[in-house]
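Notes for the structure review
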Amino acid sequence: MKNKLYFGYTTQSHGLKGEVKCYTDFERKDLVLHKNMPVYINDQKHFITSIRPHKDFYLIRFDHLTDINEIESFRHQKIYIDKEDLNLKEGEFLFQELIGFYVVFQEEIVGKVITVLYNKSGKLLEVKKRKKFFIPYNEYFIQKIDWSKKQILAQNIEGLML
């Protein structure tokens, strides 16, 4: 698995039929939460065989396991996916891939993206050098992403870097 991405985590079993409670805030759940999607738990490949939303989490069954005792090792584990399995279209990307990119403004590195926050009005890149500041992810502030140099070329951010 070359491009390992964090998807979420499991907490405990649900019922006696082999379902596991899974929490996730992954931005493209629609690409992952379907039957036969490979996921990685404890560095082992497993396949989702059923999914159903329940309250603020998902109940997932893996590898056609149907007994609570068979899924004991899945409890309290991180779930990863391979980016290749998402089948993203040309030009599509996940915002978590921008973590670690340098932000360049007027040919000077002004910080590094440490996280991406999601709110109702859009996405915010949290950037840190000496101090933290936020850049809204939109055309007014983000000019270009240079994937080869791992840089984000920013514009109009003078007032954001206090």
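So, here is what we can say about the structure in this document. (Residues numbered from 1 in each chain as written. Predicted model: local features only at pLDDT ≥ 70, side-chain atom pairs only at ≥ 80, totals over all residues. Heavy atoms only, no water.)

With that settled, consider the overall build of the chain. Scanning the chain for helices and strands turns up zero helices and 12 strands. Its helices and strands taken in sequence order, the chain reads β-β-β-β-β-β-β-β-β-β-β-β from the N to the C terminus. Along the first, second and third principal axes, the C-alpha set of the chain runs to 60 × 30 × 25 Å. Nonlocal contacts in the chain, meaning residues at least 24 apart in sequence, comprise 52% of its contacts between residues at least 6 apart. Here the chain displays about 10,100 Å² of accessible surface, and carbon together with sulfur accounts for 47% of that area. Taking the 26 positively charged and 22 negatively charged side chains of the chain as two groups, their mean positions are separated by 4 Å. (Helix = DSSP H or I, 4+ residues; strand = E, 2+ residues; numbered from the N terminus. Contact = heavy atoms within 4.5 Å. Areas by Shrake-Rupley, 256 points an atom, 1.4 Å probe, with all protein chains shown as cover. Lys, Arg positive; Asp, Glu negative; His and termini not counted. Charge placed at Lys NZ, Arg CZ, Asp CG, Glu CD.)

Turning our eyes to something else, we now look at unusual backbone geometry. The phi dihedral of N87 falls on the positive side, at around 50°, and the residue is not glycine. Looking at where N87 falls in the secondary structure, it is placed in the loop between β6 (78-82) and β7 (102-105). Phi is positive for Q106, which is not a glycine, with a value near 50°. Note on Q106: relative accessible area 62%, which makes it exposed. (Buried < 20%, exposed > 50% of the residue type's maximum accessible area, 1.4 Å probe, protein only.)

We now examine the sheet that holds strand β2 (residues 19-23). Around the barrel, six strands lie side by side as β1-β2-β5-β4-β3-β6; this closed barrel has antiparallel pairing. Neighbour to neighbour, the strand axes of the sheet diverge by 50° on average, direction disregarded. Judged from the two bridges that link them, strand β3 (residues 38-41) and β6 form a sheet pairing that is antiparallel. Following the sheet pairing, Y40 is matched in β6 by Y80. (Pairing = 2+ DSSP bridges. Axes fitted to C-alpha atoms, helices over the stretch in contact; angles between N-to-C directions.)

Turning next to the side chain of E97. In this structure, E97 sits in the loop between β6 and β7. Here E97 falls in the buried class, since its relative accessible area comes to 18%. Within the structure, E97 has its side chain in polar contact with the side chain of K83 (distance 2.6 Å). Only 2.8 Å separates the side chain of E97 from the backbone nitrogen of L94, close enough to count as a polar contact. Apart from the residues within four sequence positions on either side, E97 is in contact with K83 and W147. (Polar contact = N/O pair within 3.5 Å; in protein donor to acceptor, adjacent residues only side chain to side chain.)

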